[in-house]
Amino acid sequence: MSVTLVFPVSTPDGRAYLKQARERGERVVGASCDTSDPTDGAAPWVRLPLVHEPEFLAAFLDLVQAHGVTQIHAAAHMVHAALGDMLREHDLTQLRIINRSALETEFARWEDIFARAEHWRRLIAALAPAQTPPEPAFLAGVIRLSFDLFGESYDDKLAALLACLLDAPEGDIVEIGSLFGRSASVLLSGRALGGAERRLFVFDPWSTEAGAQKDLPPIMQNYTRAAGLERVALAFEATFAALAPQGAMTAYRTPSVAGHAIYQGSADGEAVRLLKTRPPLKPAGRIALLHIDGNHDAPCAAEDVELWSPLVPPGGWVAIDDYCWRYGDGPKRAGDALLERWGDGVARAFVAGDCLFIQRTAAAAF
Ligand SMILES: C[S@@+](CC[C@H](N)C(=O)[O-])C[C@H]1O[C@@H](n2cnc3c(N)ncnc32)[C@H](O)[C@@H]1O
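I will try to describe carefully the structure that is included in this document. All values reported here derive from a predicted model rather than from experimental measurement. Every residue gets a number counted from 1 within its own chain, in the order that chain's sequence is written. Residue-level local features of this predicted model are given only where pLDDT is at least 70; pairs of side-chain atoms are given and counted only at 80 or more, and the full residue set underlies all totals for whole chains, interfaces and linings.

Glancing now at the overall build of the protein chain. Only runs of H or I of at least four residues qualify as helices and only runs of E of at least two qualify as strands under DSSP, and these elements are numbered from the N terminus. Scanning the protein chain from N- to C-terminus turns up 12 helices and 12 strands. Oriented by its inertia axes, the alpha-carbon framework of the protein chain measures out at about 80 × 45 × 40 Å. To assign burial, the other C-beta atoms lying within 10 Å of each residue's own C-beta are counted, with C-beta atoms placed from the backbone; 20 or more indicates buried, 12 or fewer indicates exposed, and intermediate counts indicate partly exposed. Buried residues in the protein chain amount to 39% of all 366 residues.

This is the structure in structure tokens:
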């Protein structure tokens, strides 16, 4: 059986690898230059000198022999580089480093992000041909940030949301259904595209019961229930407490119907408002971009569209997520009903990443 040396085990990466390897039932030994075991006895631990110290090699070889080490997880970049050289120089072919170096991994991640940013730029240029697309550095930053958040929105839809903002009038951005905030972070970053001053309003109950989707197969409803959406609200609030500039966004922990009353000013939302240390924001009453990504059950999707779409002014956009949903046709029916209701008042409509985007014609009556 293989034995993995996790070195250094004192870094967050090293500790995480040790924990996961133990959970997989693998044999591991930790090492670091600390004076005591930083893992508090989670696994056998050996103190090693720093890699550049003259006594390192002998101590390392002793450790390998004593614990029967066959492979190494080198969590720190410098250790990875130094150990790689040492294994080659001393022909220690029985040992191998099993991970890429932290820096290499990070460079590879950014390479992927910049390639995706180029895809976003091309897609945005195609969807908003009259506008100059955002620069690649901005798009790469948006991708990096949003994909650090767990989410259920992906590249094409998120890029299309930015394309809409480039070509939208003044007004608020409203998101119904945010989960951890992936799409909300994109909307926040892109709120001023097209030269407008916009603020983001988010409505989500973050509640397993309030958010239960009965159109889902029962087994999937059970998984969602077990996940416990309640904890997600804490993560969402923490993310945007750090991310959102003052006066840029507000969020209410409530279903969209109650949120609509709060947005319209007919209900007091203070009890369910997140980011409470900041003053509440006054809604503009006009929604430049409405992103509907809440409960996909047919009655809920229809209600969201009926309630909120009249607040979208000429030139504004409605985005209905999961228009092509594999578990039901609620979002599709709601989207088709809006296309029919607006009729000649639809300037453009397209689907990107399973999301239906509808722009109201600038000439339509509001
Ligand atoms: C598919 S997730 C949203 C994904 C998110 N937009 C993203 O980019 O990752 C659906 C979210 O809708 C929320 N939700 C469920 N019912 C809702 C309702 N009636 N009003 C508003 N949000 C609701 C859920 O709590 C959940 O966070």
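Let us now look at the packing of helix H6 (residues 155–166) against helix H7 (residues 182–189). Running from N to C, H6 and H7 point in directions that differ by 30°, and their axes come no closer than 10 Å. By the angle class used here, H6 and H7 are roughly parallel. Here the hand of the crossing between H6 and H7 comes out right-handed. Contacts between H6 and H7 involve Leu158, Leu161 and Leu162 from the former and Ser183, Val186 and Leu187 from the latter. Gly is placed with the polar residues, together with every amino acid not listed as nonpolar (Ala, Val, Leu, Ile, Met, Phe, Trp, Tyr, Cys and Pro) or charged (Asp, Glu, Lys and Arg). The residue inventory of the contact of H6 with H7, partitioned by class, reads five nonpolar, one polar and no charged. Comment: axis = line fitted to C-alpha atoms, over the contacting stretch for helices; angle = value between 0 and 180 degrees taken between N-to-C directions. Any angle from 65 to 115 degrees is called roughly perpendicular, while one under 35 is roughly parallel, one over 145 is roughly antiparallel, and all others are oblique. In this scheme the crossing of two helices becomes right-handed for a clockwise turn of the near helix relative to the far one and left-handed for an anticlockwise turn of less than a right angle. Contacts here follow a simple rule: the backbone-placed C-beta atoms of the two residues must lie within 7 Å.

Criterion used throughout: strands pair if DSSP finds at least two bridges between them. Read across the open sheet, the five strands follow the order E3-E2-E1-E4-E5; overall the sheet is parallel. Lying at the two open borders of the sheet, with one neighbouring strand each, are strand E3 (45–47) and strand E5 (96–97). Pairing between strand E1 (residues 3–7) and strand E2 (residues 27–32): four bridges, direction parallel. In the strand pairing of E2, Thr4 is matched with Val28.

It is worth spelling out helix H4 (residues 102–127) at this point. To estimate how far a helix should reach, multiply one less than its number of residues by 1.5 Å. With 26 residues, H4 should cover 38 Å at 1.5 Å per step; its first-to-last C-alpha distance of 37 Å lies within 8% of that length. Buried residues of H4: Ala117, Trp120, Leu123, Ile124 and Leu127, and no others. If you follow the buried residues of H4, they end up packed against helix H5 (136–146) and H6.

For helix H3 (residues 77–89), which comprises 13 residues, the first-to-last C-alpha distance of 19 Å matches the rise-based estimate of 18 Å (1.5 Å per residue) to within 8%. Taken residue by residue, H3 has Val79, His80 and Leu83 as its buried positions. End-on view of H3: buried residues confined to an arc of 100°, all on one side of the axis. Among the exposed residues of H3, those oriented more than 90 degrees off its buried face are Asp85, Arg88 and Glu89. Turning to H3, the residues buried within the fold contact E1, strand E4 (71–74) and E5. Phi turns positive one or two residues past the end of H3, at Asp91, with a value near 55°. To obtain the arc, one takes the directions from the helix axis to the C-beta atoms.

One recurring pattern in soluble globular proteins is that nonpolar side chains are buried together. Within the largest apolar cluster, 67 residues are counted, with the highest numbers of intra-cluster contacts made by Ala160, Cys164, Leu289, Leu290 and Ala319. Excluding residues within four positions of it along the chain, Ala160 makes contact with Leu123, Leu127, Ala352, Gly353, Cys355 and Phe357. Membership of the second largest hydrophobic core comes to 20 residues, among which are Ala31, Trp45, Val51 and Leu83. Only buried Ala, Val, Leu, Ile, Met, Phe, Trp, Tyr and Cys residues enter a nonpolar core, and they are joined through C-beta atoms within 7 Å.

Positionally, Arg341 belongs in helix H12 (residues 330–342). Each C-alpha atom, one on Arg341 and one on Glu306, is 10.0 Å from the other, the two residues being 35 residues apart in sequence.

Another point: the packing of H4 against H6. Between H4 and H6, whose axes approach to 9 Å, the crossing angle comes to 45°. By the criterion of interaxial angle, the relationship of H4 to H6 is oblique. At the point where H4 passes H6, the crossing takes the right-handed sense. Of the residues in H6, those touching H4 at Arg116, His119, Trp120, Leu123, Ile124 and Leu127 are Asp155, Asp156, Ala159, Ala160, Leu162, Ala163 and Leu166. Tallied by class, the residues present in the contact of H4 with H6 amount to nine nonpolar, one polar and three charged.

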